[in-house]
Structures are given as structure tokens and as C-alpha cells.
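If you want the building blocks of each chain, they are given just below.
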Amino acid sequence: VYYHRIAVVTYKACSHKQEQIMKIHITNLYNFNRNDMLVEKQHRIAEAGIALGYREMGIFSFPVETDTPQELSKRLDGIIAAIEADDVVFLQLPTRNGAEYEKLLALKCKAYRNTKLILMFHDMSLLEAVNGSQESYRELCKMADAVMVPTERDLARVHAIGVSAAVPLDDLQM
């Protein structure tokens, strides 16, 4: 099921690049309890993407606040090392390394010419006012080329913050 869903979104994001060589990347969480439901979902979707030829970008759980800005920048450079101009990046959220980490990662991905950034939310509470970092996630959504949300019910949340290119993960039109 996931194979088909992410293939449809990839096709829509890449339909204008028929003659260009590009790569598709997808994030995946590591150093978490594999029995955690969020981690399991992200692993399943990443595995589906890898089966379709996507390249994995491993996201390691660590105490982000212990890195200096320069160390964090170097760490993120390592994660995105395989990205080139015109590539597509699926960023699965949350990474559990925090909103600022995710925003910096997205900015690094978007620094490459014509890179398409597709956010794949697994937890929509990130956009709610009760979450102290909701503004960072809203900025992240606005920087993305497309946003995937867990269900059709979640579309209203991203539309409310001005994101029109949103697709529900559970109900893609095949």
C-alpha cells in the first residue's frame, strides 16, 4: 500500500523532470526504540521508498542541544551529502530532534537548485498551538513543495496555514 501511495506523490512532484536525471531521497529514524509506533511507521514508509529506488537519509536521535551551531551544520551536511540539484527529498516528521533541527535540515535540502521538498507528517499535533514550536513547523510547511498528512481530515490544518499542495497519506487518488 505504501509503495503505491508514495509513488503517486513522487510522480506528481517529478512529472516536469522527464528528461533529467535526479534522485529521490527519504529520511528514516535511527537510535530509537523500534517498537515505537512512529518509528515503525517511518521505517515502513522508508522501506517502501527504498524498494522504489529512493535513497535513504538516516536521521540519528541525539541531544541536539549539545552541538554547537557549527557542529550541527556539519552533521546535517553529512545527512544530505548525496543530494544534488533537481533531486526530491521526502522529509518524514517528526524526527524527534526538534523543530529547529528539522527546519535547518529542510533549509539545507532546499539550498540545492530546484530541489523538491516533500514533508510527510506522521503527527499533526506539531501544528497545534499547544506545541511550543508550531510556528517553526508552519514555516517549514510553507517552504515545502508538497505536504503529506496522515488522513484527509488533516488537510484542513495545513490549508489553514496557507499550504495548498497537500495530500492525505491514507486516501491518495490512484
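Up top is the structure these notes are about.
Residues numbered from 1 in each chain as written. Predicted model: local features only at pLDDT ≥ 70, side-chain atom pairs only at ≥ 80, totals over all residues. Heavy atoms only, no water.

(A) Layout of the pattern of salt bridges. The full count for this structure, using the stated rule, is eleven salt bridges. Between Lys116 and Asp145 there is a salt bridge; the shortest N-O distance is 3.9 Å. Note that Lys116 is positioned in strand 4 (residues 116–121) and Asp145 in the loop between helix 5 (134–143) and strand 5 (146–149), a separation of 29 residues in sequence. Assessed through its relative accessible area of 30%, Asp145 is described here as partly exposed. Through salt bridges with shared partners, one network takes in Lys23, Glu84 and Asp87. (Salt bridge = Lys/Arg side-chain N within 4 Å of Asp/Glu carboxyl O. Helix = DSSP H or I, 4+ residues; strand = E, 2+ residues; numbered from the N terminus. Buried < 20%, exposed > 50% of the residue type's maximum accessible area, 1.4 Å probe, protein only.)

(B) Here's a closer look at the packing of helix 4 (residues 99–110) against helix 5. For the pair helix 4 and helix 5, interaxial distance at closest approach is 9 Å and the crossing angle is 20 degrees. It follows from the interaxial angle that helix 4 and helix 5 lie roughly parallel. Crossing geometry of helix 4 relative to helix 5 is assigned as left-handed. Along its contact with helix 4, which presents Ala99, Glu100, Glu102, Lys103, Ala106, Leu107 and Lys110, the element helix 5 presents Ser136, Tyr137, Glu139, Leu140 and Met143. Across the contact of helix 4 with helix 5, the residue classes break down as six nonpolar, one polar and five charged. (Axes fitted to C-alpha atoms, helices over the stretch in contact; angles between N-to-C directions. Parallel < 35°, antiparallel > 145°, perpendicular 65-115°, else oblique. Left-handed = near helix turned anticlockwise from the far one by under 90°. Contact = heavy atoms within 4.5 Å. Nonpolar A, V, L, I, M, F, W, Y, C, P; charged D, E, K, R; others polar.)

(C) Main features of the sheet that holds strand 1 (residues 24–30). Taken in spatial order, the six strands make up an open sheet running 2-1-3-4-5-6, and their pairing is parallel. Looking at the sheet topology across the chains shown, the edges are occupied by strand 2 (55–60) and strand 6 (166–168). With strand direction ignored, the average angle separating the axes of adjacent strands in the sheet is 25 degrees. As paired elements, strand 4 and strand 5 share three bridges and run parallel to each other. Looking at the pairing, Met120 lines up with Met148 of strand 5. Along the sheet, helix 2 (residues 37–51) contacts strand 1, strand 2, strand 3 (88–93) and strand 4; its crossing angle with strand 1, the most-contacted strand, is approximately 150 degrees. (Pairing = 2+ DSSP bridges.)

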